[in-house]
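Residue-level structural notes
The lines below spell out each chain.
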Amino acid sequence: MNRSTLLRAAVAAASVSLLAACGGNADADGEEKKPSAAGSAPSAAGSTPSGADAFTVTHVGGPTAVLEIAGQRILIDPTFDAPKKYKSGMSKIKGPAFGPEKLGRIDAVLLSHDQHDDNLDGKGRELLKDMPVVFSTPGAHKRLGDHITPMKSWEERELKSSGGTIKVTAVPALHGPDGVDRGADGEVTGFVLSGKGVPTTYISGDNASVKVAKQVGDRIKKDIGAIDTAILFAGAARTPAILDNAPLTLTSKNAALVAKDLNPRKVVPIHTDSWDIYSEDIKSLVKAFKDQGVDDKLVDLEPAGEKKNLS
C-alpha cells in the first residue's frame, strides 16, 4: 500500500454513544465542556481501510498508537510533544510521526496513567480535554478532572457505534518488579477490548510483570475467550531515581514470555522508542521473540505513522 493511499481522508463516522455512567465533561478547572464531535479531517491515521470490519493499528511514537476496531478509532496514551527535556529529568528524543491535527476522528482514549511524561505529555494533556471519552485510573480522574472516566481493575464500560459494541475492561498492571508497591506514582492500568465481532485485544499499559500479565490472560481466557491481539508496552524503561534502575516496563525477554504464555495471534510492540528511558530497543525485542519461537506473531510497525492491518 503506497503512502498516497495511506494519506486519504478518513470517512465520516457513525456517532458513538457511551452506554455506561462515565461522569460529566468538565476540565480540570471545573469548567463545563461539551462533548467533542471529533471531526473527520484528512489524517495519516484516518485513512483506509475503514468501517466496521477494519482492524488496524497506527504507531505514532513511544506508547502512542491509534487502534481502529469494530468501527471505532481508539487512541492509546497520547504523546505529541516535540523533542524536549522535562522537569522529571526524562527527555523526549524523537517527535511523533504526526501531530494531533492529523489524528482525524477519535472515539475514545485509553490512558494507562497520567503521572509520567512518556505516557502523557503536554500536548497529550491538552488533547484529552477535547476527547469525547477518556478511560484511565481513579488517580488520573482526581488529578486531571471530570473529563476522565475512572476505572478500577476489572471494571467494565461499553462503547457503541454502528459497527457494534466494544466492552472495555480495565485490567491490572504493575509498574515495576513483582512485589513492589510504588503507591500513587506507580498506579497504572491495562485494558482489554472485547465483544461480539470484536477481536479480543489486550493492552498491557506500563506493566513490567510476566506474572501479572499471565493472571490477566488466564482470567480473560476463562471469562471471554482466546486473546486475538496483544499490544505490549516494552522497552525495559528504567530511571536511576526509581527502584534502583529496575525495569518499569516489560524487558524484551519478558515481553516474549508474555507472548508465549498468552499466545495471541498478533503482538503489537510499542513503548520502545522516542524517549531516553528505554534500556532495550526493537532489535532486542525481535531477538527475544525469536529465541522464544514467537517472532512470527510480531507486527512490524515501521515506518511510524503508517496504518498496519491486524486482520
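Residues numbered from 1 in each chain as written. Predicted model: local features only at pLDDT ≥ 70, side-chain atom pairs only at ≥ 80, totals over all residues. Heavy atoms only, no water.

1. A short note on the nonpolar core
Nonpolar side chains in soluble globular proteins tend to end up buried together. Definition in use: Here, nonpolar core means buried Ala, Val, Leu, Ile, Met, Phe, Trp, Tyr and Cys residues that are tied together by side-chain atoms lying within 4.5 Å of each other. We call a residue buried when its accessible area falls under 20% of the maximum for its residue type, exposed when it is over 50%, and partly exposed in between, using a 1.4 Å probe and counting protein chains only. Helix and strand assignments come from DSSP, with helices taken as H or I runs of at least 4 residues and strands as E runs of at least 2, each series counted from the N terminus. The criterion used for residue contact is that any of the two residues' heavy atoms lie within 4.5 Å.
Counting 28 residues, the largest nonpolar core has Ile-69, Val-168 and Leu-193 as the members making the most contacts within it. Looking at this core, the elements with two or more residues in it are β2 (55-61), β3 (64-69), β4 (72-76), β7 (108-110), β11 (164-172), β12 (189-194), β14 (229-233) and β15 (266-270). When sequence neighbours within four positions are dropped, the list of residues in contact with Leu-193 reads Leu-67, Ile-69, Ile-74, Leu-110, Ile-166, Lys-167, Val-168, Val-198, Pro-199, Thr-200, Thr-201 and Ile-203. Leu-250, Ala-259, Val-267 and Val-294 belong to the second-largest nonpolar core, a separate cluster that totals 24 residues.

2. Some thoughts on the packing of aromatic side chains
Test applied: Two aromatic rings, drawn from Phe, Tyr or Trp (for Trp, its six-membered ring), form a pair once their centres lie within 6.5 Å of each other, and the interplanar angle then sorts them: stacked below 30 degrees, edge-to-face above 60, tilted otherwise. Two conditions define a charge sitting above a ring: the NZ of Lys or the CZ of Arg must be within 6 Å of the ring centre, and it must be within 35 degrees of the ring normal.
The full count for this structure, using the stated rule, is 1 aromatic pair. The ring of Trp-154 carries Arg-219 above its face, with NZ or CZ at 3.9 Å from the centroid.

3. As for the packing of helix α5 (residues 252-262) against helix α6 (residues 282-291)
Packed helices, taken two at a time, are described by the angle between their axes plus the distance between the axes. Which entries qualify depends on this criterion: For helices, the fitted axis covers only the stretch in contact; all axes are lines through C-alpha atoms, and the angles between them, taken along N-to-C directions, range from 0 to 180 degrees. Oblique is the label for every angle not falling under 35 degrees (roughly parallel), over 145 degrees (roughly antiparallel), or within 65 to 115 degrees (roughly perpendicular). By convention, the crossing between two helices is left-handed when the near helix turns anticlockwise from the far helix through less than a right angle, and right-handed when the turn is clockwise. In the scheme used here, Gly and all other residues not listed as nonpolar or charged are polar, with Ala, Val, Leu, Ile, Met, Phe, Trp, Tyr, Cys and Pro taken as nonpolar and Asp, Glu, Lys and Arg as charged.
The N-to-C vectors of α5 and α6 enclose an angle of 45 degrees; their axes lie 8 Å apart at closest approach. Between α5 and α6, the crossing angle belongs to the class labelled oblique. In the packing of α5 onto α6, the handedness of the crossing is right-handed. Counted together, Ser-252, Lys-253, Ala-255, Ala-256 and Ala-259 of α5 and Ser-284, Leu-285, Ala-288 and Phe-289 of α6 form the full contact between these two elements. Split by residue class, the contact of α5 with α6 holds 6 nonpolar, 2 polar and 1 charged.

4. Quick notes on the pattern of salt bridges
Our working definition: Salt bridge, as used here, is a side-chain nitrogen of Lys or Arg placed within 4 Å of a carboxyl oxygen of Asp or Glu.
Tallied over the full model, the rule gives 13 salt bridges. The partner of Arg-105 in a salt bridge is Asp-107, with the nearest N and O atoms 2.9 Å apart. For the pair shown, Arg-105 and Asp-107 are each scored as buried. Close ionic contact of Asp-218 with Lys-214 constitutes a salt bridge, the shortest N to O distance being 3.0 Å.

5. Focus on the sheet that holds β7
Stated formally: DSSP bridges decide pairing: two strands pair if at least two such bridges lie between them.
Sheet architecture is open: 7 strands sit in the order β9-β8-β7-β4-β3-β2-β16, paired in mixed fashion. On the outer flanks of this sheet lie β9 (149-150) and β16 (307-309), each paired with one strand and no other. In terms of strand pairing, β3 meets β4 through 5 bridges, oriented antiparallel. Across the sheet, Ile-69 pairs through a bridge with Gln-72, a residue of β4.

6. Observations concerning α5
Test applied: When we speak of the arc, we mean the arc of directions from the helix axis to the C-beta atoms.
All of the buried residues in α5 are Ser-252, Ala-255, Ala-256, Val-258, Ala-259 and Leu-262. Looking straight down α5, one finds its buried side chains confined to an arc of 155 degrees; they lie on one side. On its buried face, α5 sits against β13 (201-203), α4 (210-223), β14, β15 and α6. Directly after α5, the chain includes Asn-263, whose backbone phi takes a positive value near 55 degrees.

7. Observations regarding the pairing of strand β10 (residues 156-161)
By the alternation rule, side chains of β10 split into Arg-157, Leu-159 and Ser-161, which are all buried, and Glu-156, Glu-158 and Lys-160, of which none is buried. Direction of pairing for β10 relative to β11: antiparallel, over a ladder of 6 bridges. Directly across from Ser-161, in β11, lies its bridge partner Gly-164. Linking β10 back to β11 in an antiparallel pair, the connection comprises 2 residues.

8. Things to note about unusual backbone geometry
A cis amide bond, omega -10 degrees, links Glu-302 with the succeeding residue Pro-303. Relative to the assigned elements, Pro-303 resides in the loop between α6 and β16. Positive phi outside glycine occurs at Ala-70, with the angle close to 50 degrees. Secondary-structure assignment places Ala-70 in the loop between β3 and β4. We classify Ala-70 as buried; its relative accessible area is 5%. A positive phi angle is found at Asp-244, which is not glycine, with a value near 55 degrees. The topology assignment puts Asp-244 in the loop between β14 and α5.

Honestly, it's all geometry; don't read function into it.
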